[in-house]
Amino acid sequence: MTTRDGAAATDRLRRALLAFQAAQTSLLSAHRKAKALASPAEVERFWSTHGGRVEAGQRAAAAEVDAAFRVFSAAGLVADAGDRHLVTEARRHLAE
């Protein structure tokens, strides 16, 4: 492994974790919006449109975290506790 490979793996993981955190924020916001809707039909319509896109974005971000972490680990690098926690959250999300 070269220094460049390690830097690329680190950068990919960092970007994936930031995107995952942003997706978590968007999903939380979507849940709050859905909770404020008046009827079950509105809630269902929300999750079938906007909310569904947010959930798909969350799944994609979680999958990228998992893939980036695999590359990062294969390069012999070690993530700090905060990053490992986010990786665990992403993997838990994928398992659901």
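Keep in mind the model is a prediction, meaning the values are calculated, not measured.

(A) Examining the nonpolar core more closely. Counting residues in hydrophobic clusters, the biggest one holds 16 residues, and the most contacted among them are Leu13, Leu17, Phe20, Val65, Phe69, Phe72 and Val87. Those elements giving two or more residues to this core turn out to be α1 (3-36), α3 (50-74) and α4 (81-95). Other than its neighbours up to four places away in sequence, leucine 17 contacts Val65, Asp83, Leu86 and Val87.

(B) Looking closely at the pattern of salt bridges. This model, assessed by the stated rule, comprises five salt bridges. Linking glutamate 64 and arginine 12 is a salt bridge whose minimum nitrogen-to-oxygen distance equals 2.7 Å. Within this pair, whereas glutamate 64 is found in helix α3, its partner arginine 12 is found in helix α1, the two being separated by 52 residues in sequence. Taking relative accessible area as the criterion, glutamate 64 reaches 31% and is therefore assigned partly exposed. Salt-bridge contacts for aspartate 83 lead to arginine 14; the nearest nitrogen and oxygen are separated by 2.8 Å. Taken together, the residues aspartate 83 in helix α4 and arginine 14 in helix α1 connect sequence positions 69 residues apart. Overall, the relative accessible area of 39% leaves arginine 14 in the partly exposed class. Among the charged side chains, a network of salt bridges with common partners joins Asp66, Arg70 and Arg91.

What counts and what doesn't
Residues numbered from 1 in each chain as written. Predicted model: local features only at pLDDT ≥ 70, side-chain atom pairs only at ≥ 80, totals over all residues. Heavy atoms only, no water. Core = buried A, V, L, I, M, F, W, Y, C linked by side-chain atoms within 4.5 Å. Buried < 20%, exposed > 50% of the residue type's maximum accessible area, 1.4 Å probe, protein only. Helix = DSSP H or I, 4+ residues; strand = E, 2+ residues; numbered from the N terminus. Contact = heavy atoms within 4.5 Å. Salt bridge = Lys/Arg side-chain N within 4 Å of Asp/Glu carboxyl O.

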